[in-house]
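Analysis of the macromolecular model
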Amino acid sequence: MNCAFASSMKFFCAAALALVAINAIADGVFGGDNQFSDQITPLQAPPPLDERKLALGAELFADPIMSGKGRLSCNSCHDLSTSGTINLKRTIGYNGAVHNFNAPTIFNVANNYRLGWRGNFTSLAAQNEQVLLDSNIMSNDWGSLLGRLKASSDYSKTFRLIYGEEPSKESVLDVLVTFQLSLATPNARFDRFLQGEKDALSDSEKAGYELFQNIGCIACHQGSNIGGNLFQKFGVFEHPPGGDDANPGNLGRYTITHQDGDKQYFRVPSLRNVAVTGPYFHDGRADSLEEAVQVMAKTQVGQDISSEDIRAIVQFLDTLTGEYRGAPLREAAVPPDGVMPKDR
């Protein structure tokens, strides 16, 4: 939960430039929503999508055929039966190395203007390709993957029916992206509140929303995704507690740009479904939402807020849990041995 209200001119300039860039490049995947300002707007359902591509993309998303060793699927780290992620601080990849970053939820991914904790991807297609080819994630290559898909009579037939040809890099990425565009979670209680259903929130939840605005969280967490639309430093007022000092992921965008001014800068995450997508921050250092709110208040907006205020904000954040296929998202169980479910 990287909300921030910085005291430096650098923040205001960066935020302003980011918002200008968003309005310039983002027509909005869902319904043209590019009104990113200091307000939150209801999340819209996804637009009509090709049902054949959706079905094929969903099948590939859940199939270990997509990974080099045939043990992991996209769903292994982004479990769609719960919250679109798994309850681990950081997962362990194929080559045994711990990933630098916490696996974010895949739900509402299309509403982020940049992708990845460092914002190093500008399209879902580019991010999907990198995930497939990364030796510590899916550890595949296009020759092997396409060979497997072509050797499958079912997959080969379905690709030919949709695209008129055998599977290709372009068509595989197209069906994956199409499916991910569908992963919206509208109809959160807070959405209904914004749409005029004033009884959708309790008085304490409304009080939490007021605190969220007055403290300054809304400076970075706004728009339809309640975040995901600008970069901010993690640790504006003081260094955040916890974490693994040896983790290079703590350097944030610096590892992409190699500009000193980008150290500890991350893409502000969406707060959609935050109550069920712990642990929190880029490295999963906070186990509970209460801990995350306390850290953010102190490091990002420079305030030591009371336990009562923390509870009120957490109650508000609970109202941001939306629905997928008509059912509210739920928190994933913690793997008993810290190993991804399909990698046991």
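Note that the coordinates shown come from a computational prediction; the quantities given were computed from them, not determined experimentally. (Residues numbered from 1 in each chain as written. Predicted model: local features only at pLDDT ≥ 70, side-chain atom pairs only at ≥ 80, totals over all residues. Heavy atoms only, no water.)

**As for the environment of Thr85**
Inclusion rule: The helix and strand labels rest on DSSP assignments: H or I over at least four residues marks a helix, E over at least two residues marks a strand, and numbering proceeds from the N terminus. Residue contacts are counted whenever heavy atoms from the two residues lie within 4.5 Å of one another.
With respect to the helices and strands, Thr85 occurs in the loop between helix H3 (74-77) and helix H4 (124-133). Linking Thr85 and Pro279, residues 194 residues apart in sequence, is a C-alpha distance of 10.0 Å. Beyond its immediate sequence surroundings of up to four residues, Thr85 is in contact with Cys77, His78, Asp79, Ala103, Pro104, Thr105, Thr277 and Ala332.

**With respect to the nonpolar core**
Selection criterion: Buried Ala, Val, Leu, Ile, Met, Phe, Trp, Tyr and Cys residues form a nonpolar core when they are joined through side-chain atoms within 4.5 Å. Burial classes: relative accessible area under 20% of the type maximum marks a residue as buried, over 50% as exposed, and values in between as partly exposed (1.4 Å probe, protein chains only).
With 37 residues, the main nonpolar core has Phe190, Tyr209, Phe212 and Leu317 as its most contacted residues. Listing elements by their share of this core, those giving two or more residues are helix H8 (189-194), helix H9 (203-215), helix H11 (289-300) and helix H12 (307-318). Counting 34 residues, the second-largest nonpolar core is a separate cluster that includes Ile106, Leu115, Leu173 and Leu183.

**Observations concerning the packing of aromatic side chains**
Selection criterion: When the centres of two rings from Phe, Tyr and Trp lie within 6.5 Å, Trp using its six-membered ring, the rings pair. Their planes under 30 degrees apart give stacked, over 60 give edge-to-face, and anything left gives tilted. Criterion for a charge above a ring: Lys NZ or Arg CZ within 6 Å of the ring centre, and within 35 degrees of the ring normal.
Within this structure, the stated rule accounts for 10 aromatic pairs. Between Phe190 and Tyr209, the ring centres sit 4.8 Å apart and the planes meet at 70°, which makes this aromatic pair edge-to-face. Remark: Tyr209 occurs in helix H9 and Phe190 occurs in helix H8; sequence separation between them is 19 residues. Pair check on accessibility: Phe190 and Tyr209 agree, each one buried. The structure contains a cluster of three or more aromatic residues connected by ring pairs, namely Phe190, Phe193, Tyr209, Phe212 and Phe316. Here the guanidinium or amino end of Arg253 rests over the ring plane of Phe231, the centre of that ring lying 4.1 Å away. Over the face of the ring belonging to Tyr254 we find Lys263, whose NZ or CZ atom lies 4.9 Å from the ring centre.

**Some words on H9**
Going by this rule: By this rule the span expected of a helix is its residue count minus one, scaled by 1.5 Å. Throughout, the arc means the angular range of directions from the helix axis out to the C-beta atoms.
Given a rise of 1.5 Å per residue, 13 residues ought to cover 18 Å, and the 18 Å separating the end C-alpha atoms of H9 matches this to within 8%. Among all positions in H9, only Glu205, Gly208, Tyr209, Leu211, Phe212 and Ile215 are buried. One side of H9 holds all its buried residues, which, seen down the axis, span an arc of 160°. Those residues of H9 that are exposed and angled more than 90 degrees off the buried face are Asp203 and Asn214. Of the surrounding elements, those touching the buried residues of H9 are H8 and H12.

**Some details on the pattern of salt bridges**
Short version of the rule: Between Lys or Arg on one side and Asp or Glu on the other, a salt bridge is scored when a side-chain nitrogen of the former is within 4 Å of a carboxyl oxygen of the latter.
Inspection of the entire model under this criterion finds 11 salt bridges. Its salt-bridge partner being Asp191, residue Arg272 comes within 2.9 Å of it at the nearest N-O pair. With Arg272 in the loop between strand E2 (265-267) and H11 and Asp191 in helix H8, this pair connects stretches of sequence that are 81 residues apart. Taken individually, Arg272 and Asp191 each receive the classification buried, so the pair is uniform in this respect.

**Re the confidence of the model for the chain**
Heads up, the condition is: On a range of 0 to 100, pLDDT expresses the predictor's confidence in each residue.
Averaged over every residue, the pLDDT of the chain is 87; the share at 70 or more is 86%. Overall, residues 1-38 carries pLDDT values under 50, and its contacts beyond four positions in sequence, including any with other chains, amount to 83 contacts.

**Observations concerning the packing of helix H5 (residues 142-151) against helix H7 (residues 169-181)**
This is how the line gets drawn: In this analysis, axes come from line fits to C-alpha atoms, helices being fitted only over the stretch in contact, and the angle between any two N-to-C directions falls in the range 0 to 180 degrees. Roughly parallel covers angles under 35 degrees, roughly antiparallel covers those over 145, roughly perpendicular covers 65 to 115, and oblique covers all other angles.
H7 packs onto H5 with a crossing angle of 80° between their chain directions and a minimal axis gap of 10 Å. In terms of their interaxial angle, H5 and H7 are classed as roughly perpendicular. On H7, the residues touching Trp142, Leu146 and Leu149 of H5 are Lys169, Val172 and Leu173.

**What to know about the side chain of Ser73**
What counts here: Throughout this description, a polar contact denotes any pair of N or O atoms lying within 3.5 Å of each other; where both atoms belong to protein, one of them has to be capable of donating a hydrogen while the other can accept it, and for residues adjacent in sequence the pair is counted only when both atoms sit in side chains.
Looking at the secondary structure, you find Ser73 in the loop between helix H2 (51-61) and H3. Ser73 sits in the buried class, given a relative accessible area of 2%. Within the structure, Ser73 has its side chain in polar contact with the backbone nitrogen of Asn75 (distance 3.2 Å).

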